[in-house]
Amino acid sequence: MANPSFVMQKVLDVSFEDRPIPKLISPRDVRIEIKQTGICGSDVHYYTHGAIGSFIVKAPMVLGHESAGIVAEVGPEVTSLKVGDRVALEPGVPCRFCDHCKAGKYNLCADMKFAATPPYDGTLCRYYVLPDDFCVKLPDNVSLEEGALVEPLSVAVHVTKLADVQVGSTAIIFGAGPVGLLCCAVAKAFGATTVVAVDLVQSRLDLALDLAATHSYVPQKGDSAADSAAKIIAMLGGKQPDFAIDASGAGASVNTAIHVLKQGGNYVQAGMGAPEISFPITEFTVKEITARGSFRYGPGDYQLAVALVASGKVDVKKLITHRVKFEEAEEAFKLVLKGQGVKILIEGPAAPAA
Ligand SMILES: [Zn+2]
Ligand SMILES: [Zn+2]
């Protein structure tokens, strides 16, 4: 096959197809040979539901968007990269022309072409084309496996920047899935000296503690949000967190976060769960909490994520629990569906025979 691709045909129906090798369109385009791809919650959600909100899979679509690879071809105007360079792929390319793009908030661009978000094909294939400024070169000490984790790490960088986490502060992160775990690490890298991870699953909290968290908490059955908040504050010796990030999307977490935050604290929503929840509006108001949403990543987030890995401040390798070959991509999706593993990497496809 010239360009083997892992294609979702319809819900729970995937197959391998030989797609044409994509051509460079702009003189600034780069063709990348994909080497490592992480599976994300969104990929699995399309696989099982065929849609996320208004994004609906209507035609066969290549899955995957968390990839790293090796540059195989560069357009005539590319000066920053050469064939053979190892890069992390930023999988969403905005229009570059709208008000959001011009304001430097390209993650809000309505014309974003994002890998494996319908109708755009993803990166679980041999060759993928991107503009050179959406390929971030990996330093020699960052592996391609780590490069595939730059995508979720960039999500965490964006969230933690929006939270405005300060040196010496206390941050609490709800949800210890990949993004929540990485938020713990980024909050610590940004200078938080106390990092609390909250999740229902002890093994995930153990990983959070290993990665960056200083404290962990498992919410108890029957406790209200106010009860949980009181127990967390007691665990912290009476200190209330300055910053809260929800990476779970669970209503109980959102409510506990608002109850646990100190007066004037910052709250950022990153997790997506039920589209509507009840919200403790009085507590929120009288504490004068600042709350923001966070979506994907923007200028500089990928570069900072690579720097955090290269400098050893965030050890993304600790998240990798499974590795499978490209031919076993469907197994990887089934593992995620069973709730197994934290980050599953798909290697390949193998290089074409010379
Ligand atoms: Zn992702
Ligand atoms: Zn735009």
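Residues numbered from 1 in each chain as written. Chains lettered and ligands numbered in written order. Predicted model: local features only at pLDDT ≥ 70, side-chain atom pairs only at ≥ 80, totals over all residues. Heavy atoms only, no water.

Caption draft 1: Layout of the overall build of the chain. Counting secondary structure elements, the chain contains 11 helices and 20 strands. Its C-alpha radius of gyration of 20 Å places the chain within 12% of the 20 Å reference for a compact globule of 354 residues. For the chain, the spread of C-alpha atoms along the three principal axes comes to 65 × 40 × 35 Å. Counting the 354 residues in the chain, one finds 53% classified as buried. Once local pairs closer than 6 in sequence are excluded, the contacts in the chain between residues at least 24 apart make up 68%. Of the accessible surface of the chain, which amounts to about 15200 Å², a share of 56% is contributed by carbon and sulfur atoms. Computed over 33 positive and 38 negative side-chain charges, the separation of the two mean positions in the chain equals 2 Å. (Helix = DSSP H or I, 4+ residues; strand = E, 2+ residues; numbered from the N terminus. Rg over C-alpha atoms; globule rule 2.2 N^0.38 Å. Buried < 20%, exposed > 50% of the residue type's maximum accessible area, 1.4 Å probe, protein only. Contact = heavy atoms within 4.5 Å. Areas by Shrake-Rupley, 256 points an atom, 1.4 Å probe, with all protein chains shown as cover. Lys, Arg positive; Asp, Glu negative; His and termini not counted. Charge placed at Lys NZ, Arg CZ, Asp CG, Glu CD.)

Caption draft 2: Region of interest: the UniProt feature "domain: Enoyl reductase (ER)" (unreviewed entry) in the chain. Mapped onto the present numbering, the UniProt feature "domain: Enoyl reductase (ER)" (unreviewed entry) falls at residues 9-346. For residues 9-346, the end-to-end C-alpha separation is 19 Å, with 30% helix and 25% strand making up the annotated structure. (UniProt positions renumbered as here; feature names shortened; annotations may be inferred.)

Caption draft 3: Spotlight on the sheet that holds strand β15 (residues 215-217). Reading across the sheet, the 6 strands line up as β15-β14-β13-β16-β17-β18 and stay open at both edges, with parallel pairing between neighbours. The two strands at the open ends of the sheet, each matched to only one other strand, are β15 and β18 (290-293). With direction set aside, neighbouring strand axes in the sheet form an average angle of 15 degrees. In this sheet, strand β16 (residues 243-246) lies alongside strand β13 (residues 170-174) in parallel orientation, the contact comprising 4 bridges. Along β16, the bridge assignment pairs I172 with A244. Against the sheet, helix α6 (residues 202-211) makes contact with β14 (194-198) and β15, and its axis sits at roughly 165 degrees relative to β15, the strand it touches most. (Pairing = 2+ DSSP bridges. Axes fitted to C-alpha atoms, helices over the stretch in contact; angles between N-to-C directions.)

Caption draft 4: Focus on the coordination of the zinc ion (ligand 2). Note on the zinc ion (ligand 2): its protein donors are C95 (SG), C98 (SG), C101 (SG) and C109 (SG). The metal-donor distances range over 2.3 Å. With 4 donor atoms in place around the zinc ion (ligand 2) and angles of 105 to 115 degrees between them, the coordination shape is tetrahedral. One chain supplies every donor for the zinc ion (ligand 2), spaced along it as C-x2-C-x2-C-x7-C. Linking C95 in the loop between β9 (92-93) and α2 (99-102) with C109 in the loop between α2 and β10 (113-114), this pair joins segments that are 14 residues apart in sequence. You can call C109 buried: its relative accessible area is 7%. (Donors = N, O, S within 2.8 Å, 3.2 Å for Na, K, Ca; no water. Tetrahedral: all angles 85-135°; square planar, octahedral: opposite > 155°, others 65-115°.)

Caption draft 5: Quick look at helix α1 (residues 41-49). Every buried residue belonging to α1 is among D43, V44, Y46 and Y47, and all of these are buried. For α1, the arc enclosing every buried residue in end-on projection is 160 degrees, short of the 170-degree limit, so these residues lie on one face. In α1, those exposed residues whose orientation departs by more than 90 degrees from the buried face are G41 and H49. Downstream of α1 by one or two residues, G50 has phi in the positive range, about 75 degrees. (Arc of directions from axis to C-beta.)

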